[in-house]
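Structural overview
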Amino acid sequence: LKKYAVIGNPIAHSKSPQIHQAFAEETHLNIEYTRVLSPLDGFDATVQALQENGFKGANVTVPFKLEAFRIAQHLTERAHDAGAVNTLIFNQDGIVGDNTDGVGLVRDIEQNLHISLAGKRVLLIGAGGAAEGVLHPILEQKPQLLIITNRTLDKALSMIKKVVEQGEHRYVSVNAHAFDDLGEQAFDVIVNATSAGLSDSHLPLPESIFAQGALAYEMMYGRETPFMQFARAHGAEVADGLGMLVEQAAEAFYLWHQVRPNTAPVIASFRV
Ligand code: ATR
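Predicted model only: the values in this text are computed from it and were never measured.

Re the sheet that holds strand E7 (residues 121-125)
On the basis of which strands lie adjacent, the open sheet formed by 6 strands has the order E9-E8-E7-E10-E11-E12 and parallel pairing. Of all the strands in the sheet, the pair left with one neighbour each is strand E9 (173-177) and strand E12 (237-239). Adjacent strand axes in the sheet meet at a mean angle of 15 degrees when their direction is disregarded. The pairing of E7 with strand E8 (residues 145-149) spans 5 bridges and is parallel. Bridging across to E8, leucine 124 finds its partner in isoleucine 148.

Topic: the domain arrangement of the protein
Assigned domains of the protein: these are domain 1 (2-99 + 244-271) and domain 2 (102-240). A separation of 25 Å is found between the C-alpha centroids of domain 1 and domain 2. Looking at the side of domain 1 that touches domain 2, the elements with two or more residues in it are helix H4 (77-82) and helix H9 (242-257). Looking at the side of domain 1 that touches domain 2 element by element, the count peaks at 5 residues for H9. Partitioning the side of domain 1 that touches domain 2 into residue classes produces 5 nonpolar, 3 polar and 5 charged.

So, the pairing of strand E11 (residues 210-218)
Sheet topology note: the strand E10 (residues 187-192)/E11 ladder contains 5 bridges and is parallel. Looking at the pairing, valine 191 lines up with tyrosine 217 of E11. Sheet topology places E11 next to E12; 3 bridges connect them, and they run parallel. Looking at the pairing, alanine 216 lines up with valine 238 of E12. In the classification by handedness, the crossover that spans E11, the intervening helix H8 (residues 226-233) and the parallel E12 is right-handed.

Focus: H9
Taking 1.5 Å per residue as the helical rise, H9 with its 16 residues ought to reach 22 Å, and the 22 Å between its terminal C-alpha atoms agrees with that figure. Extensive coverage of H9 is indicated by the burial of 12 of its 16 residues. If you check which residues of H9 are buried, you get Gly243, Met244, Leu245, Val246, Glu247, Gln248, Ala249, Ala250, Glu251, Ala252, Phe253 and Trp256. In the segment just after H9, glutamine 258 is the residue with positive phi, at about 55 degrees.

Definitions and limits used
Residues numbered from 1 in each chain as written. Predicted model: local features only at pLDDT ≥ 70, side-chain atom pairs only at ≥ 80, totals over all residues. Pairing = 2+ DSSP bridges. Helix = DSSP H or I, 4+ residues; strand = E, 2+ residues; numbered from the N terminus. Axes fitted to C-alpha atoms, helices over the stretch in contact; angles between N-to-C directions. Domains from an automatic or database assignment. Nonpolar A, V, L, I, M, F, W, Y, C, P; charged D, E, K, R; others polar. Right-handed = clockwise from strand over helix to strand, strands pointing away. Expected span 1.5 Å × (residues − 1). Buried ≥ 20, exposed ≤ 12 C-beta atoms within 10 Å, placed from the backbone.

Printed below as a string of structure tokens:
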């Protein structure tokens, strides 16, 4: 029986065990996947204990994605780009760190919601860890335009600066603007990567951001946030982060088991 875990603090609410068990059933694999509550100052020791107990890998959630990035002995390119790790693989070489969040978001938008990002005008709201994690995978789809907006403009500017320095904006026009400096610009896809929804905070965005038929994607799930209400009120198609959660899990599942689970029935089962 191969053993896996999700490490976080808090962790009791995590849906990852149910998602991975559903994938395992569907692909006829026998796995054990448990929730592990790590002390805030004990992430290293928690990971070490899992390795010693024969675990083959772990997912990492709030607030340990940066620490996971630091302890990984090998990083995949996308983990390096994200500056954070949400998936650990324990093998003979030690600890490999990957990040499946960005690909999870892109797959949910493209494959589940049937919206291609190529050539689109994309607004990314937020400049924290969650936004960093999805920036490069979005750029890889070659949108026409990618604007980052954030309450603290400096953080958005430095994300853009890094992208430009790395030359990764090729073919994509990129920029950062304050909330009140978005003007009348309309976007086809608007991704909320802030944590404002956690506190039911309204984001002071102009309503002109929603182009006709726009998709408003809230990366959080499990509640109707003020951003989702605002987007609905202005005619956007609205999605929450449940699909992204299941898709990032599917990619981790693939890394560990080399099998791609079918995600649609799992997403549907959590919707009800
Ligand atoms: P995460 O890992 O969830 O991204 P984070 O790194 O702390 O967490 O980043 C939180 C993001 O949500 C930031 O973009 C933050 O804006 P600031 O950079 O200005 O702090 C944004 N955020 C959180 N609460 C917010 C609120 N009430 N209004 C606007 N933005 C908010």
